[in-house]
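Summary of the model geometry
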Amino acid sequence: MRRFRIRVFMLPVAILATAAIEMTAADLPKETVAEQFAKRAARLWSLQPVVKPEVPASVTTSHNPIDAFVAAMYQEKGLHPSAKADKLTLLRRVYFDLIGIPPTVAEQESFLRDLSPNAYEKVVDRLLASEQHGVRWGRHWLDVLRYADLDGVDGSVMPAASGVYLWRDWVISSLNHDMPYDQFVRAQILGNRYAPETVTDPFGRRSRPEGAVADTFALGFLARSALDHEDKDRNVSIAAVETISTAFMGMTVGCAKCHDHKFDPITQKDFYAMKAIFDPLVLKNVMLATPKEIFETGQKLDDYKRKKAPIDAAIEALTGSYRKKLFDERVALLTPEVQAIVRKAERDRSPAEQKIFDDYYPVLRIDPSKIKAIMPKEEVTQYTALLKQQEALGTVPPLPSYWTVEEDKDLLKEKSYILTTGDPKKPELDKPVDPGFPFEPAGFDFRDGRREAFTEWLTAPQNPLFARVAVNRIWGWHFGEGLQRVTSDFGLLGGKPSNQKLLDYLASEFVAHHYSMKWLHRLIVTSDTYQLSSKADPKYLSANTEADARNSYLWRFRLQRLEAEPVWDSIHYAAGDLDLSVGGKSFSLSTPDKKQVIFLHGAGETDTRKNRRGMYLVRGYIPSTDVMNNFLTAFDVDDGRTPCPIRTQTVTAPQALFTMNNDLIEKESGKLADRVIKESRGDLHAAVRLAYRETLGRAPTGLEMDQALTYIGDRTTRMKGLAWLLFNLDEFIYVR
């Protein structure tokens, strides 16, 4: 009874309290959206200035400041770190981390013999100086920046496809030459890595520093987004906002495309103001051919057309009536409105009507096989012969060129608007927006240019996001997880860093070291924290797990699965046939058939070498045909349509089926077997040891050696089976 009476008594009090609160709220003036969002910004840790903290003292014997901040967290959380990884484990780890391929047996032996105190540091410096470093780390950055060799719709591939690899080559080269990070970002937004300030020469003329010619390749970052030559859907400006905000600002500005951000201080107006910065951009094709090549190609085209004309005329005379019959039958199935559009001459169609025609064209297209199906047998023979003659002529290869972007003077004069529907053809004319961006300082000046002014703010040392996001992203690629766990979301839902003092210290020092990414790599991988074993100390495992089950404070090194590209590279590298050449076009493992070619119009040629590094495997998306090889999709490679800050790591049956049954594994297992037998001069003990060292980076245990020799017996042909087994061990695709 007593409990019941208390509840009855408390109920009306709660109701009265609620009513009082509601009355008070009604009397108070409502905050504007701007005021609400200003309060959100003031509370968000990532928007506060970066203040360099003091390095914790007397917590570690290491001279690396990373270890001091990490050790301070150990003390605070009561954690006990694992021991240091053994030399060969550490060597394999840092090789995959910095260049994406494993150490050779000779490199393993050299490291084991080097007993000097700086033996490991010498290895790190050599790897950072390797041209393979840019290949490995270029892949990380291009994942975030949406690199794709192909993107588009059926029969219409992005214009940049034929030369987009030059942007990839620029990224690789920039990383190899340790281009400062702020310049790395500026070049991809402006095509000029230098700060936009103007200077006055002795004659009083004002000018800006000229960018390197090679930096125009960096604009492939923006040009890649257009899916047609006119960029009708304004994909360049929309993708620029979404990608730049996540990649370089760590903010999901794209979430404000249709409405104000639900969690972060970003309004819909902010999204379209930032879009207005990039609205004047149009595609520009830049020729790479020499004048001689241009003239020669013109002559080849004239000759090709002259030879092709009579064949085309003969095909039309033979098939014209059949093609028209099939076409009319298909058109008759459409609605009267669409029929009228289809039968109009192209020049008489409005843009909206042309889009309708383009949408229906795949249905209306008449393939040769359909024509043959309704032709008399003797005419089919003639038609087939003519098609073979046409095919024998081949084609004239297009001249080398690449696509970049430039500002259109007329578009610069046009107003930009909010697009609630997302359709650029339906702007809200009562909601114009001026160029701007989220967190824009009051009175910001755009007189030096829209992109120039924005990029100056973005890359400024005072920007609290720029260095923090970059440092955290690089940390995440080294350790498998960022200090701020969600590396592309520094907003409310992204949470807070596990060690903000360490993050802010590294951000401060990154700026102080002129945004040198190689400096940051070296600092990270030479820390004791990076060199910890992935095996937990049994004595402290229970207590550590209870205090930090996710290993957020790095009391051991995270076990990491290799991404698809290092897996590909390792298979070929162990077999001794990996092509390590840097740069050039991508390669595909299959040749498109005639039907696929229809969907890949404008895709350009690919490299004929099939054993290059996985970085150069074709990737992208076209709706009706496979672009990416099954190997890439099985091992979680994104197709480049959206930014990929951290690769998904799944463990699935297709991965096992690939390493067990794929023809590549069969072939490379044979090559590895032949190689180790040859290099060991028939000594099976030495051959087995060599196979383990080449694939796993370590010698076999006594039990493994006995089992391998028992399996092989006196049949050296079984060495191929052992090689296959090593490729299928989980240890082969994981880094400890």
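What you are looking at is a predicted structure, and each value in this text was computed from that prediction instead of being measured.

1. With respect to the overall build of the chain
- Regarding its fold elements, the chain presents 32 helices and 11 strands.
- Overall, the chain is about 95 × 90 × 85 Å in size when its C-alpha atoms are taken along their principal axes.
- Sequence separation of 24 or more characterises 72% of the internal contacts of the chain that already satisfy a separation of 6 or more.
- Of the roughly 36,600 Å² of accessible surface on the chain, 56% is carried by carbon and sulfur atoms.

2. With respect to the environment of Phe69
- Residue placement: Phe69 occurs in helix α3 (residues 65-77).
- As for Phe69 and Glu54, which are separated by 15 residues in sequence, their C-alpha atoms are 9.4 Å apart.
- Residues contacting Phe69, with those up to four places away along its chain left out, are Pro53, Glu54, Val55, Pro56, Asn499, Lys501, Leu502 and Tyr505.

3. Considerations on the pattern of salt bridges
- On inspection of all chains with the given rule, the structure shows 51 salt bridges.
- Between Glu694 and Arg675 there is a salt bridge, with the nearest N and O atoms lying 3.0 Å from each other. Here the residue Glu694 occupies a position in helix α29 (residues 684-696), and Arg675 occupies one in helix α28 (residues 663-679), the gap between them amounting to 19 residues.
- According to the relative accessible area criterion, Glu694 is buried, its value standing at 8%.
- Owing to a relative accessible area of 23%, Arg675 belongs among the partly exposed residues under this scheme.
- Measuring nitrogen to oxygen at the nearest pair gives 2.9 Å for the salt bridge that ties Arg698 to Glu704.
- Here Arg698 falls in the buried class, since its relative accessible area comes to 15%.

4. Overview of the sheet that holds strand β2 (residues 156-157)
- One open sheet accounts for three strands, arranged β2-β1-β10; its pairing is mixed. Lying at the two open borders of the sheet, with one neighbouring strand each, are β2 and β10 (620-621).
- As defined by bridge partners, strand β1 (residues 150-153) adjoins β10 across two bridges and the pair is classed as parallel. Within β10, the position partnered with Leu150 by the bridge is Gly620.

5. Here we look at the packing of aromatic side chains
- Taken as a whole and judged by the stated rule, the model has 35 aromatic pairs.
- Aromatic side chains Phe466 and Tyr515 sit 5.7 Å apart centroid to centroid with 65 degrees between the ring planes, which places their arrangement in the edge-to-face category. Placement of Phe466 in helix α20 (residues 466-479) and of Tyr515 in the loop between α21 (500-512) and α22 (517-525) is noted, with a sequence separation of 49 residues between them. Tyr515 shares its class with Phe466; the two are buried.
- Here the guanidinium or amino end of Arg556 rests over the ring plane of Trp555, the centre of that ring lying 5.3 Å away.

6. Observations regarding unusual backbone geometry
- Even without being glycine, Ser58 reaches a positive phi, approximately 60 degrees.
- Relative to the elements of secondary structure, Ser58 occurs in the loop between α2 (33-43) and α3.
- The phi dihedral of His514 is positive, around 55 degrees, even though this residue is not glycine.
- For His514, the position within the fold is in the loop between α21 and α22.

7. A word on the environment of Leu632
- Locating Leu632 in the fold gives a position in helix α26 (residues 630-634).
- Once you skip the residues sitting within four places of it in the chain, Leu632 turns out to touch Ala564, Leu617, Val618, Arg619 and Val637.

8. Comments concerning the packing of helix α11 (residues 235-248) against helix α12 (residues 268-278)
- One can describe the packing of α11 onto α12 by two numbers: an axis separation of 8 Å at closest approach and a directional angle of 115 degrees. In terms of their interaxial angle, α11 and α12 are classed as roughly perpendicular. Remark: the crossing between α11 and α12 carries right-handed chirality. Contact with α11, carried on its side by Ser237, Ile238, Ala240, Val241, Glu242, Ile244 and Ser245, involves Phe271, Met274, Lys275 and Phe278 of α12 and no other residues of that element.
- Here the contact of α11 with α12 is composed, by residue class, of seven nonpolar, two polar and two charged.

9. What about the packing of α29 against helix α31 (residues 719-727)?
- Axis separation between α29 and α31 bottoms out at 10 Å; the angle between their running directions is 25 degrees. The orientation of α29 with respect to α31, classified from their angle, is roughly parallel. In this structure, α29 crosses over α31, and the sense of that crossing is right-handed. From α29, Leu684, Ala687, Val688, Ala691, Tyr692, Thr695 and Leu696 reach across to α31, where they touch Met719, Leu722, Leu726 and Phe727.
- Its residues placed into classes, the contact of α29 with α31 shows 10 nonpolar, one polar and no charged.

10. Describing helix α7 (residues 132-144)
- Helix length check: α7 (13 residues) gives 19 Å between terminal C-alpha atoms against 18 Å at 1.5 Å per residue, within 8%.
- Once α7 ends, the next one or two residues include Arg146, with phi positive near 70 degrees.

11. Overview of the pairing of strand β6 (residues 401-407)
- Counted residue by residue, β6 has five buried out of seven residues, so it is predominantly covered.
- Pairing geometry for strand β5 (residues 281-287) and β6, over seven bridges, is antiparallel. Its bridge partner lying in β6, Leu283 is registered against Val405.

12. Observations regarding a nonpolar patch on the surface
- Together, Phe263, Leu492 and Leu493 make up an exposed nonpolar region whose accessible area comes to about 310 Å².
- Here Phe263 is to be found in the loop between α11 and α12.
- The exposure class assigned to Phe263 is partly exposed, which follows from its relative accessible area of 39%.

13. What to know about the confidence of the model for the chain
- Of all residues in the chain, 95% attain a pLDDT of 70 or more, and the chain-wide mean is 91.
- Note that pLDDT drops below 50 for residues 1-26; the model gives that stretch zero contacts with residues more than four away or on any other chain.

14. Concerning the state of the cysteines
- By the definition in use, this model includes zero disulfides.
- Summary of cysteine pairing: Cys255 is not part of a disulfide, and the nearest cysteine sulfur, belonging to Cys258, is at 10 Å.

15. Notes on the environment of Val627
- Locating Val627 in the fold gives a position in the loop between β10 and α26.
- Classification of Val627 by relative accessible area gives buried; the value is 12%.
- Placed 420 residues apart in sequence, Val627 and Ser207 show a C-alpha to C-alpha distance of 45 Å.
- Residues contacting Val627, with those up to four places away along its chain left out, are Leu150, Val618, Arg619, Gly620, Tyr621 and Ile622.

16. Focus on the side chain of Glu353
- Following the sequence through the fold, Glu353 ends up in helix α15 (residues 351-364).
- Engagement of the side chain of Glu353 in a polar contact is seen with the backbone nitrogen of Ser350, the distance being 3.0 Å.
- Apart from residues no more than four positions distant in its own chain, Glu353 is found in contact with Ile341, Lys344 and Asp348.

17. A few points about the side chain of Asp143
- Following the sequence through the fold, Asp143 ends up in helix α7.
- Contact partners of Asp143, with chain neighbours within four places excluded, come to Thr642, Pro643, Cys644 and Arg647.

Calculation rules
Numbers given for residues are sequential positions, taken from 1 along each chain in its written order. Two thresholds apply to this predicted model, a pLDDT of at least 70 for residue-level local features and 80 or more for giving and counting side-chain atom pairs, whereas whole-chain, interface and lining totals are computed over all residues. Calculated side-chain values reflect all of the structure's heavy atoms, with hydrogen atoms and water omitted. Strands are runs of DSSP state E lasting at least 2 residues, helices are runs of H or I lasting at least 4, and numbering of each runs from the N terminus. By definition in these notes, contact holds between two residues if any of their heavy atoms fall within 4.5 Å. Only the protein chains shown count as covering a residue, and every accessible area follows the Shrake-Rupley method with a 1.4 Å probe. Salt bridges are counted wherever a side-chain nitrogen of Lys or Arg sits within 4 Å of a carboxyl oxygen of Asp or Glu. To sort residues, take the accessible area from a 1.4 Å probe on protein chains only and compare it with the maximum for the residue type: under 20% means buried, over 50% means exposed, and anything in between is partly exposed. Paired strands, as defined in this entry, are two strands with at least two bridges between them according to DSSP. Centres within 6.5 Å are what make two rings of Phe, Tyr or Trp a pair, Trp counting through its six-membered ring; a difference in plane orientation under 30 degrees is then read as stacked, over 60 as edge-to-face, and the rest as tilted. Lysine NZ or arginine CZ positioned within 6 Å of the ring centre and within 35 degrees of the ring normal marks a charge as sitting over the ring. Angles here are taken between N-to-C directions and fall from 0 to 180 degrees, while the axes themselves are lines fitted to C-alpha atoms, restricted in helices to the stretch in contact. Throughout this description, any angle smaller than 35 degrees is read as roughly parallel, any larger than 145 degrees as roughly antiparallel, any in the 65 to 115 degree range as roughly perpendicular, and the remainder as oblique. The handedness criterion is simple: a crossing whose near helix is rotated anticlockwise from the far helix by less than a right angle is left-handed, and one whose near helix is rotated clockwise is right-handed. Three classes are used, and their members are as follows: Ala, Val, Leu, Ile, Met, Phe, Trp, Tyr, Cys and Pro are nonpolar, Asp, Glu, Lys and Arg are charged, and the others, Gly among them, are polar. To estimate the expected span of a helix, subtract one from its residue number and multiply by 1.5 Å. For patches, a residue must show more than 30% relative accessible area and have no salt bridge; joins then use 9 Å for like charges and 5 Å for nonpolar side chains, namely Val, Leu, Ile, Met, Phe, Trp and Tyr. A residue's pLDDT is simply how confident the predictor is in it, with values from 0 to 100. Note on disulfides: each one is a pair of cysteine sulfur atoms within 2.5 Å. For the purposes of these results, a polar contact is taken to be a pair of N or O atoms within 3.5 Å, where, inside protein, one atom must be able to donate a hydrogen and its partner to accept one; residues adjacent in sequence count only when each atom of the pair is a side-chain atom.

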